[in-house]
Amino acid sequence: MTPEEFAQETTLIGELVADQADAWDEAESLPAELLRKLGQRGLLCAQVPVAFGGLGISSELNGELTAVSGSWCSSLRSVMTSSGMAAWAIQRLGNRQQREDYLPQLANGQIGAVGFSERLAGSDLAAMQTQIRPDGEFVIVDGLKCWMTAAAYADLLIIIGRYDDGAAAVAVPANAPGVALERIPRPLGCRAAGHANVILRSVRLPAASVLGYCGGQSLPMLVTAILAYGRISVAWGCVGILRTCLNAVTQHARSRTQFGKPLAEHQLVARHIAQVYAAEQVATRACEHASRCWDSRSPEMAAAAVLAKYVSSANAAQGSASAMQVLASAASRDTSAVARAFRDAKLMEIIEGTHEICELMLARHALTP
Amino acid sequence: MTANQTEEAITPEKIRSDIQEFLTTKIEVAPEVEEDLFSSGLITSLFALELVTYIEKTYGIEINGVDLKLNNFRTINAMIGLVRRIRAEENVE
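Residues numbered from 1 in each chain as written. Chains lettered and ligands numbered in written order. Predicted model: local features only at pLDDT ≥ 70, side-chain atom pairs only at ≥ 80, totals over all residues.

Asks: Lay out the overall build of chain A with the relevant residues and their values.
Replies: Across its full length, chain A holds eleven helices and nine strands. Scaling as 2.2 N^0.38, a compact globule of 369 residues should have a C-alpha radius of gyration of about 21 Å, and chain A matches this with 20 Å. Along the three orthogonal principal directions, the C-alpha set of chain A runs to about 80 × 50 × 40 Å. In chain A, which comprises 369 residues, the share counted as buried stands at 54%. In chain A, of all internal contacts separated by at least 6 residues, the share reaching a separation of at least 24 is 76%. (Helix = DSSP H or I, 4+ residues; strand = E, 2+ residues; numbered from the N terminus. Rg over C-alpha atoms; globule rule 2.2 N^0.38 Å. Buried ≥ 20, exposed ≤ 12 C-beta atoms within 10 Å, placed from the backbone. Contact = placed C-beta atoms within 7 Å.)

Asks: So what's going on with the packing of helix H9 (residues 301–327) of chain A against helix H11 (residues 355–367) of chain A? Which residues, and what values?
Replies: Residue and element names in this part refer to chain A. Interhelical geometry of H9 versus H11 gives an angle of 140 degrees and a closest axis separation of 10 Å. Judged by the angle between their axes, H9 and H11 are oblique. Seen along the crossing, H9 lies across H11 with a hand that is left-handed. Mapping the contact onto sequence places Ala 303, Val 306, Leu 307, Lys 309, Tyr 310, Ser 313 and Ala 314 in H9 and His 355, Cys 358, Met 361, Leu 362 and His 365 in H11. (Axes fitted to C-alpha atoms, helices over the stretch in contact; angles between N-to-C directions. Parallel < 35°, antiparallel > 145°, perpendicular 65-115°, else oblique. Left-handed = near helix turned anticlockwise from the far one by under 90°.)

Asks: Requested: an account of the nonpolar core, with residues and values cited.
Replies: All names here are of chain A. Membership of the largest hydrophobic core comes to 151 residues, with the highest contact counts inside it found for Ala 89, Val 170, Ala 290 and Val 338. Counting residues per element, this core draws most heavily on helix H7 (residues 219–255), which supplies 21 residues. If we ignore the near neighbours within four places in the chain, the residues touching Ala 290 are Ile 232, Ala 235, Ala 304, Ala 305, Leu 307 and Ala 308. (Core = buried A, V, L, I, M, F, W, Y, C linked by C-beta atoms within 7 Å.)

Asks: Mind laying out the interface of chain B and chain A, listing which residues take part and the relevant values?
Replies: Contacts between the two partners involve 21 residues from chain B, matched on the other side by 28 residues from chain A. With ten residues, helix H3 (residues 45–59) of chain B is the largest single contributor of residues to the side of chain B that touches chain A.

Asks: How would you summarise unusual backbone geometry if you had to cite specific residues and measurements?
Replies: Residues and elements named next belong to chain A. Even without being glycine, Glu 28 reaches a positive phi, approximately 55 degrees. Considering the arrangement of structural elements, one finds Glu 28 in the loop between helix H2 (21–27) and helix H3 (32–40). Since 19 C-beta atoms lie within 10 Å of it, Glu 28 is described here as partly exposed. With a phi close to 50 degrees, Arg 297 is a non-glycine residue in the positive phi region.

Asks: Can you break down H3 of chain B residue by residue, with the values?
Replies: Residues and elements named next belong to chain B. Here H3 is 15 residues long and its end C-alpha atoms lie 21 Å apart, about the 21 Å a rise of 1.5 Å per residue gives. In terms of burial, H3 is largely enclosed, as twelve of its 15 residues are buried. All buried positions along H3 are accounted for by Ser 45, Leu 46, Phe 47, Ala 48, Leu 49, Glu 50, Leu 51, Val 52, Thr 53, Tyr 54, Ile 55 and Tyr 59. Gly 60 lies just past H3 and shows a positive phi near 60 degrees. (Expected span 1.5 Å × (residues − 1).)

Asks: Could you give an account of H3 of chain A, with specific residues and numbers?
Replies: Residue and element names in this part refer to chain A. Of the positions making up H3, those classed as buried are Leu 35, Leu 38 and Gly 39. Projected down its long axis, H3 carries its buried residues within an arc of 100 degrees, all on one side. Gly 42 sits one or two positions beyond H3 and adopts a positive phi of about 80 degrees. (Arc of directions from axis to C-beta.)

Asks: Residue-level account of the environment of Ala 308 of chain A, with values.
Replies: All names here are of chain A. Note on placement: Ala 308 falls in helix H9. For the pair Ala 308 and Ala 283, spaced 25 residues apart in sequence, the C-alpha to C-alpha distance is 7.0 Å. Setting aside chain neighbours within four positions, we find Ala 308 in contact with Arg 231, Ile 232, Ala 235, Ala 286, Cys 287, His 289 and Ala 290.

Asks: Give a description of the pairing of strand E2 (residues 131–135) of chain A that names residues and reports values.
Replies: A regular strand places its side chains so that they alternate between the two faces of the sheet. Residue and element names in this part refer to chain A. As judged from the five bridges shared by E2 and strand E3 (residues 138–148), these two strands associate in the antiparallel manner. Residue pairing in the sheet places Gln 131 in a bridge with Asp 142 of E3. Once E2 ends, the chain turns through two residues before running back antiparallel as E3, passing Gly 136 with a positive phi of about 65 degrees. (Pairing = 2+ DSSP bridges.)

Asks: Please provide a residue-by-residue account of the confidence of the model for chain B, values included.
Replies: All names here are of chain B. Residues with a pLDDT of 70 or more make up 86% of chain B, whose mean pLDDT is 82. A low-confidence stretch, residues 1–5 (pLDDT under 50), is modelled with two contacts involving residues beyond four sequence positions or located in other chains. Of the two predicted TM-score estimates for the complex, the pTM is 0.92 and the ipTM is 0.73. (pLDDT = per-residue confidence, 0-100.)

Asks: I'd like a rundown of the domain arrangement of chain A, residues and numbers included.
Replies: All names here are of chain A. Its domain assignment divides chain A into domain 1 (3–106), domain 2 (112–209) and domain 3 (219–367). Facing twelve residues of domain 2, the contacting portion of domain 3 comprises ten residues. For the side of domain 2 that touches domain 3, the element with the highest residue contribution is strand E5 (residues 166–173), accounting for three residues. Here the side of domain 2 that touches domain 3 is composed, by residue class, of nine nonpolar, three polar and no charged. (Domains from an automatic or database assignment. Nonpolar A, V, L, I, M, F, W, Y, C, P; charged D, E, K, R; others polar.)

Asks: Would you mind going over the environment of Gln 97 of chain A in detail, with residue names and values included?
Replies: Inspection of the secondary structure assignment puts Gln 97 of chain A in helix H6 (residues 96–106). Sequence separation between Gln 97 of chain A and Gly 212 of chain A is 115 residues; the distance between their C-alpha atoms is 9.3 Å.

Written out as structure tokens, the structure reads:
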């Protein structure tokens, strides 16, 4: 993709979002037409290789796409994260046949979502209870997945569950008999991202729906491999949140006058501006590093992805809190851009591995003999 | 370089020394070929994925879903077996 083509795509997304993100947030829903258009252009899973009908862009370029989209609407960016992660799960875990079967559909309008969490298995994914049971030429899936982002829009659900004495990921069509969705009302952030609990009751699928055709993988390896994509994507989304905050803060501090001078000339306000700026810059560098590791297939990639997610989500939470403080009443309506950033950023410290789980992983990584 | 030459160059001995060297730089110990890397606590899931990526990149192979089992990475010998099997399968295709 040339820089000109890339600019055309981001311009298109900007035109489609326009000033509607607040209204979508309030309605807790993204227009089907928006997702269909972006999906058909391959923009919801833009790293799918060209050979499978995707745009085949690098992690670094997709990061920019994710940040730009996230700066306008974190709900839309969440759908990108989910659909891209579903495509990545198929590319990483599936065999050639499955890539040929599923990837062109995801790159051409279908939407994917991935289900890890359960009521008793949040940070402790080892407590997962969903079963993927082989039954001749079929598998039977039973379980309940919580808080699946984009599930309300998804055509294809990638469900992680137990299989034999290990784990597996299985591709479940959202309309398969036995699949039921329960929308989660009024999420704190990314309100239009289509969060839902997904109930799977004796869902019977061809055995070839199990990614790799055969389960029994190591659950931690499976989860770490799939989440690496989601973590980098969420991290870039946080860069987008920070860009919006920086933009709002600098504009407001220049234009609003108190005590006879612009806010920007008050030192305590200037400190907030510096903090938001530093948060955005540092998050961007951490994301660039993770994406470059991904693009060069560096073994460091998995750790760099955790680091980027950790740094960016914390910076977005702190940066958006600073932005709220500077904008004060100007951002205190629940659906304004900075208020959304504040709510969305908090959620980013929770999903794709909580802040604390990232800390445990980074500490163990640092301590490895 | 033809496939055959590559095949000759990547002997089990070469794979062993590559992986041992990688482990040595990463975890500052050189495990024996049959040492259980997981039960000895040398490896976390993050590091296991590093190993996967390292092996894929070094030998130009893809380790897909079906092979992402801890047993395939439990010992250096298991990894040698995995690399040789995938390379043999890819050459057949």
